[in-house]
Amino acid sequence: MAKKEQKTAIVVGAGIVGVSSAYMLQKAGFQTTLIDRVGPCAGTSYGNAGAIVADGCVPNSMPGILKDVPSMLLDPTGPLTLRWSYFGKALPWLLRFAQEAREERVHHNATYLKQITQYATRDWARFMKTLKLEHLIQDVGWLKVYDSEEGFQATRDMRQLMTEMKAPFDVLGQKEITDLEPNLNGIFQHGIYQSKARFLLNPEKVVHGIADAFRSIGGTVEISNIDTIHIVSKDKVSASGGGKEFTADKLVIATGAWSKHLAEQVGSEVLLDTERGYHMMLPPLGDKGISRPIVYGEKSFVLAPMERGIRMTSQVEFAGLERGPDFRRIRKLLPFAKKMLPNLDTTEQDVWLGYRPSTPDSLPVIGRSQKSRNVILAFGHQHYGMTMGVTTARLVRDLALEKPETISLWPYRANRF
Ligand SMILES: Cc1cc2nc3c(=O)[nH]c(=O)nc-3n(C[C@H](O)[C@H](O)[C@H](O)COP(=O)(O)OP(=O)(O)OC[C@H]3O[C@@H](n4cnc5c(N)ncnc54)[C@H](O)[C@@H]3O)c2cc1C
């Protein structure tokens, strides 16, 4: 009897979503090729704050956001920047973002964010154990702190939504904050603490670790800038670019913020833009530092105690994929970071720009393409890509295996806009 041919898969894009999907597909029996134009972890998964925000359910478009936008844009140390030359391009996205602030939309978006993030802790724990990378994930929670009554009161809608969504959190007072983080400045009167959240000490090492594990079980990594996705037949799809062509039974588009034009080729029109964000690395502080990622609520930046130093992350900048970085904004935050953590050594080690892949409703795109059920879309994870990456990979694997859906993927369909 003829031997049954092994199923094959291609994953384009080797960020957290792509490497995790490739690993799970290989493990599920697909001979899998992972393709990236640079190599594993060359994109946004490299430089984030590493927070695994279990039960994260607060969409970026919330009631009242429109009234806050002008002051955010005018504040030189505020969390939002718009490069005006990009305004026309971003307009369709921004208009839809504004519509998503309606109450019923916020409720919908929160429900379906949580539908994925509720599995984050469990899926990450299992994955890291299987890959023997447990030492790179910590059970330290996610803390936001506020130094003014006004700043804390501005979180009322967020807290109400989290309560409605049954996303657990504790409200902390000054003493409880100091008990958790003795080196923080004592000025923080209020805190919001999500104790179920986890922290990746070194997101880059984690993504490389998953890629190494993928290779060790027989997966192949290729370098190629894919520009064309082609539906060869009912059963075969191909990806090509840079003079190389790859053909397989299943193909996953996991190219983060760069996914729009590839998805369009398979009939999926997505309202995807990038919310650019920056980081600055500062020297490690050891026991004079902090034990978990902490958000300075009023200033919307994070200090995270990474393996190789303190990482400050910040900003949402609308300027597209082509324009160069503007590191002035993150540098302007240094005095606030020093105020937050007086021991901080503000000697800049390096700075970085990343591209959050964002949809206006804050929900990712996960599902089959319009033109072929063999092309699977997995991108658009916005501020929560590390949080949702491993769960998304599990959903991708189940789609490739043609298993019945364990959660409804309808809210994440590409053509919802
Ligand atoms: C400052 C900042 C802080 C953040 N903090 C957090 C956090 O604390 N917690 C959290 O959950 N999320 C956080 N995020 C979001 C998170 O980092 C992203 O959502 C996530 O990394 C996206 O992963 P991805 O795999 O979809 O894309 P990426 O990591 O960007 O990977 C896409 C890959 O595709 C490749 N590629 C692109 N085009 C092609 C092509 N044509 N051919 C071949 N390869 C291609 C790229 O080289 C890249 O390697 C943060 C983001 C930023 C910017």
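Structure's up top.
Residues numbered from 1 in each chain as written. Predicted model: local features only at pLDDT ≥ 70, side-chain atom pairs only at ≥ 80, totals over all residues. Heavy atoms only, no water.

### Some thoughts on the packing of aromatic side chains
Overall, the coordinates contain ten aromatic pairs when judged by the stated rule. Measuring from centroid to centroid gives 5.5 Å for Y23 and F127, while their planes differ by 75°, and the two rings are edge-to-face. Remark: F127 occurs in helix α5 (residues 120-130) and Y23 occurs in helix α1 (residues 16-27); sequence separation between them is 104 residues. Just as Y23 is buried, F127 falls in that class too. Ring geometry for W84 against F87: centres 5.6 Å apart, planes inclined by 50°, an arrangement best described as tilted. You can call F87 partly exposed: its relative accessible area is 32%. Among the aromatic residues, ring-to-ring pairing joins W93, F97 and F318 into one connected group. It is R159 that lies over the ring of F152; its NZ or CZ is 4.1 Å from the centre. Against the face of W410 rests R413, its NZ or CZ located 4.0 Å from the ring centre. (Phe/Tyr/Trp six-rings, centres within 6.5 Å; stacked < 30°, edge-to-face > 60°. Helix = DSSP H or I, 4+ residues; strand = E, 2+ residues; numbered from the N terminus. Buried < 20%, exposed > 50% of the residue type's maximum accessible area, 1.4 Å probe, protein only. Lys NZ or Arg CZ within 6 Å of the ring centre and 35° of its normal.)

### A word on the packing of α1 against helix α9 (residues 203-216)
Contact pair α1 / α9: the axes reach a minimum separation of 9 Å and the direction vectors enclose 25°. Looking at the two axes, α1 sits roughly parallel to α9. Like other packed secondary-structure pairs, α1 and α9 cross with a definite hand, here left-handed. For the pair formed by α1 and α9, the contact residues are I16, V19, S20, A22, Y23 and Q26 on the first element and V207, I210, A211, A213 and F214 on the second. For the contact of α1 with α9, a count of residues per class yields nine nonpolar, two polar and no charged. (Axes fitted to C-alpha atoms, helices over the stretch in contact; angles between N-to-C directions. Parallel < 35°, antiparallel > 145°, perpendicular 65-115°, else oblique. Left-handed = near helix turned anticlockwise from the far one by under 90°. Contact = heavy atoms within 4.5 Å. Nonpolar A, V, L, I, M, F, W, Y, C, P; charged D, E, K, R; others polar.)

In short, the description is geometric, and any link to function would need to be established separately.
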